[in-house]
Amino acid sequence: MEIAQLHKIFLESTGVCTDTRKLLEGNLYVALKGENFNGNVFAKAALAQGASYAVIDEPGFEEEKTILVHDALETLQKLASFHRAYLGLPIIALTGSNGKTTTKELINVVLSQRFKTSATRGNLNNHIGVPLTLLGMDKTTEIGIVEMGANHQGEIAQLCAIAKPNYGYITNFGKAHLEGFGGVEGVIKGKSELYDFLRSNGGLVFLNNDDTKQIEKSEGCKNYTFGVTHSDIVIDDQNANPYVSLSLQGIKIKSQLIGAYNGTNIAAAIAIGNYFEVKIEEIRKGVENYLPSNNRSQIIQKGGASIILDAYNANPTSMEAALRSLSAQPADYRVAFLGDMFEVGATTQAEHKNIARIAISLGIDEIYLVGKHFAAIADLGPSVFSYESFKEFQESFKGLRTRSENKVILVKGSRGMAMERVLDMI
């Protein structure tokens, strides 16, 4: 079947679904496969549940309303790209080592003050998530916002080929997914594939003019810049005490985000809103009303303590930024619960040791290190407590060593560590 024909079927459906547990009446079911599952097996059940059609890629699973294709994933991606061209709307793509999702959410709340937007939901930012994001847009969508994640070179290029963005923003280059990218230079090359696409296709880059590496890698791209000086839009008076605030054209914008590192994320959203002629008061309203969620820079009050729950993910760059933010918090006592960082590669031991060293040097009063990588570090001093696993930590932790009421606590680690479980213990 030609993609144009499949697209017509899609338009008559109630949307695409790749999981029968989430299937709605009239959905177009696409049978994807993975190491431990085969969606073709569930095609019959999908149709019985009310799917309009089921796209399969293995003979032997044909039913009355199945569509047999060579590769279901490739078909999903081609369908999404066809749909994107059919809609013809402006697409903003963003990637980077840290802050992608928060920045995406901020851009969305700012632009949605004026436009009907559609943005990546949650963390659906890979070779499956991006197509699903595009297929979630329709003729009422005025601007699409697509987050792109990657842990290997070539992935951002593939996602750009599917989404064909008109605009792009890279939050930063950091020590994330070092194992897959082969080091920091590999990260820079991989993320810069967004610049390569925009440069080749006449797109525009939203550029942090205070980041010399972004300036270098985006050379030759059309751009719209933001920064503290010499930019298309100057954003000043930034501080984080404890919540980030900044000014645009004399108007103070106060966010509900902590950490100086979130200042750049907010500034990017402000700049993009300004480019698309969202009024300053509307930009301010969008930023100030945004509340972080899903274990990302959440502030939770418990037992007289302010807890910074930032346990969605972690890498050496974001971990250091979170620790420096913790040390700057106005409090009498500071505590850090840190879980192992994954996908760091050959530098795993060195990076974990460096994070522990930074935490100590910042004067964090109590430091709890959880996981085999952190536990391999020896002789860290009296303020540091390490555990081989979360189970060991649960069995050994007896509570904080202070009664201070004015304390702030950081909880951070890679997703696989599920460090949010600490909340039940403090």
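Please read all numbers here as calculations on a predicted model, not as lab measurements. (Residues numbered from 1 in each chain as written. Predicted model: local features only at pLDDT ≥ 70, side-chain atom pairs only at ≥ 80, totals over all residues. Heavy atoms only, no water.)

### Considering the sheet that holds strand β10 (residues 167-170)
Where we set the bar: The pairing criterion for strands is at least two bridges between them, as found by DSSP. Helix and strand assignments come from DSSP, with helices taken as H or I runs of at least 4 residues and strands as E runs of at least 2, each series counted from the N terminus. For helices, the fitted line uses only the C-alpha atoms of the stretch in contact; every axis is such a line through C-alpha atoms, and the angle between N-to-C directions lies from 0 to 180 degrees. Contacts were defined at the residue level, with two residues in contact if any of their heavy atoms lie within 4.5 Å.
Pairing is mixed in the open sheet, where 9 strands are placed in the order β8-β9-β7-β10-β11-β12-β13-β14-β15. Two strands bound the open sheet, and with one partner strand each, they are β8 (117-119) and β15 (251-258). Taken pair by pair, the neighbouring strands of this sheet meet at an average axis angle of 25 degrees, ignoring direction. Here strand β7 (residues 91-95) runs beside strand β9 (residues 143-147); their pairing, made up of 4 bridges, is parallel. Paired with A93 across the strands is V146, a residue of β9. Against the sheet, helix α12 (residues 280-289) touches β14 (243-248) and β15, its axis set at about 20 degrees to β15.

### Notes on the packing of helix α3 (residues 72-87) against helix α6 (residues 155-163)
For any two helices packed against each other, the geometry is given by the interaxial angle and the distance between the axes. Rules: For this classification, under 35 degrees means roughly parallel, over 145 means roughly antiparallel, 65 to 115 means roughly perpendicular, and everything else is oblique. Classification convention: Asp, Glu, Lys, Arg as charged; Ala, Val, Leu, Ile, Met, Phe, Trp, Tyr, Cys, Pro as nonpolar; all other residues, Gly among them, as polar.
At a closest axis distance of 7 Å, the pairing of α3 and α6 adopts a crossing angle of 50 degrees. When the interaxial angle is binned, α3 and α6 end up oblique. From α3, Q77, A80, S81 and R84 reach across to α6, where they touch Q158, A161, I162 and A163. Across the contact of α3 with α6, the residue classes break down as 4 nonpolar, 3 polar and 1 charged.

### Comments concerning the environment of S404
Position of S404 among the secondary structure elements: in the loop between α16 (390-396) and β21 (407-412). Taking the C-alpha atoms as reference, S404 lies 8.8 Å from A305; in sequence the two are 99 residues apart. When near neighbours in sequence (up to four residues on either side) are disregarded, S404 contacts D332 and Y333.

### What to know about a nonpolar patch on the surface
So the rule is basically this: Distance thresholds for patches are 9 Å for like charges and 5 Å for nonpolar side chains (Val, Leu, Ile, Met, Phe, Trp, Tyr), applied to residues having over 30% relative accessible area and no salt bridge. Under the convention used here, a 1.4 Å probe and the Shrake-Rupley method define accessible areas, while residue burial counts only the protein chains that appear. We define a salt bridge as a contact between a side-chain nitrogen of Lys or Arg and a carboxyl oxygen of Asp or Glu at a distance within 4 Å.
Residues L11, F82 and Y86 make up a contiguous nonpolar surface patch of roughly 260 Å² in combined accessible area. Mapped onto the elements of the fold, F82 is located in helix α3.

### Quick word on the layout of surface pockets
Selection criterion: Whether a set of points on the 1 Å grid over the protein atoms alone is a cavity depends on a 1.4 Å probe fitting there but being unable to get out, while an open set qualifies as a pocket with protein on both sides within 12 Å along at least five of seven lines; lining residues are those with an atom within 4 Å of a point. Grid points are joined across faces, edges and corners, and a volume is the space filled by probe spheres set on the points. What marks off one domain from the next here is an automatic or database domain assignment.
Put simply, the second largest pocket is a space of about 860 Å³. Looking at the second largest pocket, it is lined by 23 residues, and the ones nearest its centre are V16, R121, L124, L132 and T133. Elements represented by at least two residues in the lining of the second largest pocket include exactly β1 (16-17), β8 and α5 (129-135). Counting residues per element, the lining of the second largest pocket draws most heavily on α5, which supplies 4 residues. The two domains that each donate at least three residues to the lining of the second largest pocket are domain 1 (3-72) and domain 2 (88-289).

### Considerations on the UniProt feature "domain: Mur ligase C-terminal" (unreviewed entry) in the chain
Basically, it comes down to this: UniProt positions are given in the numbering used here, feature names are shortened, and annotations may be inferred rather than shown by experiment.
Using the residue numbers shown here, the UniProt feature "domain: Mur ligase C-terminal" (unreviewed entry) corresponds to residues 296-415. Annotation note: span residues 296-415, helix share 31%, strand share 28%, distance between end C-alpha atoms 11 Å.

### Brief notes about the packing of aromatic side chains
Applicable threshold: Stacked, tilted and edge-to-face pairs are distinguished by plane angle, under 30 degrees for stacked and over 60 for edge-to-face with tilted covering the rest, among Phe, Tyr and Trp rings (Trp via its six-membered ring) whose centres lie within 6.5 Å. For every residue, the accessible area obtained with a 1.4 Å probe (protein chains only) is divided by the maximum for its type, and the residue is called buried under 20%, exposed over 50%, and partly exposed between those limits. Should the NZ of a Lys or the CZ of an Arg lie within 6 Å of a ring centre and within 35 degrees of the ring normal, that charge is described as sitting over the ring.
With the rule as written, the count across this model stands at 19 aromatic pairs. Between F206 and F276, the ring centres sit 6.4 Å apart and the planes meet at 50 degrees, which makes this aromatic pair tilted. One end of the pair, F206, is in strand β11 (residues 204-208); the other, F276, is in the loop between α11 (261-275) and α12, and 70 residues separate them in sequence. Judged by its relative accessible area of 1%, F206 is buried. Between Y224 and Y275 the ring centres are 5.1 Å apart and the planes differ by 65 degrees, which places this aromatic pair in the edge-to-face class. With a gap of 51 residues between them, Y224 in strand β12 (residues 222-227) and Y275 in helix α11 connect regions that are remote in the sequence. Exposure remark for Y275: the relative accessible area of 29% places this residue in the partly exposed category. Feature note: the residues F337, Y368, F385, Y387, F390, F393 and F397 constitute an aromatic cluster, connected by ring pairs. A cation over an aromatic ring shows up here: K139 above the ring of Y86, its NZ or CZ 4.5 Å from the ring centre.

### Structural notes on the pairing of β12
For a regular strand, side chains alternate in direction, first toward one face of the sheet and then toward the other. What counts here: Handedness of a crossover: with both strands directed away from the viewer, a clockwise path from the first strand across the helix to the second marks it as right-handed.
Strand direction decides the pairing type here: β11 and β12, joined by 5 bridges, are parallel. Looking across to β12, one finds that V205 is bridged to N223. Taken together, β11, helix α10 (residues 212-217) and β12 form a β-α-β motif whose crossover is right-handed. Bridge count between β12 and strand β13 (residues 233-240): 2 bridges; the pairing is parallel. Paired with F226 across the strands is I233, a residue of β13.

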